[in-house]
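Listed below are the residues making up each chain.
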Amino acid sequence: MPKLFSGIQPTGELHLGNYFGAITNWVDLQQEHETIYCIVDLHAITSDYDPEVLRESSVELATDLIASGIDPEKSILFIQSDVREHVELQWIFNSVTSYGDLTRMTQFKDKSEKMDFVSAGLFDYPVLQAADILLYRASRVPVGEDQVQHVELTRRIARKFNSRFEEFFPEPEPIVGRGARIMSTADPERKMSKSDHDKHAIGLMEDEDSIWEKIKSAVTDPGNAKGDEMSPGVANLFTLLELTASESTVEEFREDHREGNLMYIDLKEAVHENLMSEIRPVRERKEQLMKNRSRVEELLDKGKEKAKETASRNMEEVRKMVGVGPT
RNA sequence: AGGCCCGUAGCUCAAUUGGCAGAGCGCCGGACUCCAAAUCCGAAGGUUGGGGGUUCAAGUCCUCCCGGGCCUGCCA
């Protein structure tokens, strides 16, 4: 089975965009891949954050992932900073990474523009990401469109390392676009994101009334669209419906929309109802897990050990090739 | 290490010679709407980065600290 790596930052609460865009896909990928899922806390510290809650956020995110169907038996699930080889490999990669390549990373340019303090870590972030992936010699990386450039950089780093030292790392393939693209209900032109304002993201664990408020107030249109034309807001609601409701239900609503007599409030109610029955089991599983936090920590500890096994073995090889210790 | 500039509401910025801390946008509530959007009405929002000082009175002046940016120098 091909080896697959993906990471998620422990910042903010998991929202529907994460869930339908990435997590459900992660769950499916467990079937036909050797999956390694990492909570990347070392990435989270490159921008402003609260050290008081970071660790807790990481554990809680792990809980959310397990509740969502990431199986700690099948997958290696762990917290990045628990495996220090990530950082060691990053440093070595820093030395085979072109400075010019890093300056061309559009995500850095976009992000840093808006911030008043830009850390060197934020600039160097893609190199840590390359280390994350290649430390396990993973060959596949499910990512969003915005991360493809980073995977390409990872490939260049692998290539450079392999030619400078020895053939060791695979050139990983990005897996793009398998997850759904959920837009903000408040502004359907933008992707749902936790970095935006509160009302732009619907939390997976958010209380039900609050979820209903957000769906009910989702941006739509004057309702004069005919045929297959659909405004972005309505299309977004249909996306959510497709992800959670039966085909026949979706088709009924589509029919109404085509004929121009769809009441959006009905669509919204259906989206809410079906969404809740989709995520309710996840929420219940989380509740169960939260009752026994030490169990989650135990699972993370096991994940760490499994990750370390591969990581330390690979780092030993790398050190030899590069000519540094400890040997 | 030296020099210069900056820090006011969530964001962008105002505030006369020191004289009641404000606006726009956003957020929140309401009207309208099948739900929204737009529009209208309303409300909230602040230790002016922090401490100390001068003064009847400090966002404004002095001082120290914190944070950020730019320039010069030195070292690795």
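The following paragraphs examine the structure supplied in this document. Note that the structure is a prediction, hence the values are computed from the model and not measured.

Brief notes about the packing of helix α7 (residues 120-135) against helix α8 (residues 148-164)
- With their axes 9 Å apart at the nearest point, α7 and α8 run at an angle of 70° to one another. Between α7 and α8, the angle falls in the class roughly perpendicular. For the pair α7 and α8, the crossing hand works out as right-handed. For the pair formed by α7 and α8, the contact residues are Pro-126, Gln-129, Ala-130, Ile-133 and Leu-134 on the first element and His-150, Leu-153, Thr-154, Ile-157 and Ala-158 on the second.
- Its residues placed into classes, the contact of α7 with α8 shows seven nonpolar, three polar and no charged.

Re empty space enclosed by the protein
- Applying the stated criterion across every chain, the model contains two cavities of 30 Å³ or more.
- In this structure, the largest cavity occupies an estimated 50 Å³ of space.
- Lining of the largest cavity is provided by Gln-107, Phe-108, Lys-111, Leu-122, Tyr-125, Pro-126 and His-150.
- At the level of elements, α6 (106-114) and α7 are the ones that each hand at least two residues to the lining of the largest cavity.
- Here the residues of the lining of the largest cavity are counted per class, giving four nonpolar, two polar and one charged.
- The volume enclosed by the second largest cavity comes to roughly 30 Å³.

Structural notes on the pairing of strand β1 (residues 3-8)
- Counting buried positions over the six residues of β1 gives five, a clear majority of the element.
- In terms of strand pairing, β1 meets strand β2 (residues 34-39) through six bridges, oriented parallel. Bridge pairing in β2 places Phe-5 opposite Ile-36.
- The parallel pair β1 and β2 is bridged by helix α1 (residues 16-29), and the resulting crossover is right-handed.

Looking at the protein's contact with RNA strand B
- In the region of RNA strand B, 14 residues are neighbours, and Lys-199, Lys-216, Val-219, Thr-220 and Lys-268 sit closest.
- Considering RNA strand B, the proportion of its atoms within 4 Å of the protein that are sugar or phosphate atoms stands at 57%.
- In the environment of RNA strand B, a base oxygen lies 3.2 Å from a nitrogen or oxygen atom belonging to the backbone of Ile-265.
- Here Lys-268 contributes a side-chain N or O atom positioned 2.7 Å from a base oxygen of RNA strand B.
- At three residues, helix α12 (residues 264-291) tops the list of elements feeding residues into the surface near RNA strand B.
- For the surface near RNA strand B, a count of residues per class yields seven nonpolar, two polar and five charged.

What about helix α4 (residues 85-94)?
- Inspection of α4 places Glu-85, His-86, Leu-89, Gln-90, Ile-92 and Phe-93 among the buried residues, and these make up the whole buried set. Buried residues of α4, seen end-on, are gathered within an arc of 165° and therefore sit on one face of the element.
- Looking at the buried side of α4, the elements it contacts are β2, β3 (76-79), α7, α8 and α13 (293-322).

A closer look at the pairing of β2
- Of all six residues in β2, five are buried, a share of seventy percent or more.
- Here β2 runs beside β3; their pairing, made up of four bridges, is parallel. Paired with Cys-38 across the strands is Phe-78, a residue of β3.

Considerations on the packing of aromatic side chains
- Scanning the entire structure with this criterion turns up eleven aromatic pairs.
- With 4.9 Å between their ring centres and 80° between their planes, Tyr-19 and Phe-20 make a pair best called edge-to-face. Considered together, Tyr-19 and Phe-20 belong to a single accessibility category, that of buried residues.
- Centroid distance Phe-93 to Phe-161: 6.2 Å. Interplanar angle 75°. Geometry classified as edge-to-face. Residue Phe-93 is found in helix α4, and its partner Phe-161 is found in helix α8; the two are separated by 68 residues along the sequence. Per residue, the accessibility class of Phe-93 equals that of Phe-161, and both read buried.
- Connected via pairs of aromatic rings, a cluster forms that spans Phe-93, Phe-161, Phe-165, Phe-168 and Phe-169.

So, how was this worked out
Residues numbered from 1 in each chain as written. Chains lettered and ligands numbered in written order. Predicted model: local features only at pLDDT ≥ 70, side-chain atom pairs only at ≥ 80, totals over all residues. Heavy atoms only, no water. Axes fitted to C-alpha atoms, helices over the stretch in contact; angles between N-to-C directions. Helix = DSSP H or I, 4+ residues; strand = E, 2+ residues; numbered from the N terminus. Parallel < 35°, antiparallel > 145°, perpendicular 65-115°, else oblique. Left-handed = near helix turned anticlockwise from the far one by under 90°. Contact = heavy atoms within 4.5 Å. Nonpolar A, V, L, I, M, F, W, Y, C, P; charged D, E, K, R; others polar. 1 Å grid on protein atoms, 1.4 Å probe; cavity = no way out; pocket = protein on both sides within 12 Å on 5 of 7 lines; lining within 4 Å. Points joined across faces, edges and corners; volume = space filled by probe spheres on them. Buried < 20%, exposed > 50% of the residue type's maximum accessible area, 1.4 Å probe, protein only. Pairing = 2+ DSSP bridges. Right-handed = clockwise from strand over helix to strand, strands pointing away. Near = heavy atom within 4 Å. Polar contact = N/O pair within 3.5 Å; in protein donor to acceptor, adjacent residues only side chain to side chain. Arc of directions from axis to C-beta. Phe/Tyr/Trp six-rings, centres within 6.5 Å; stacked < 30°, edge-to-face > 60°.

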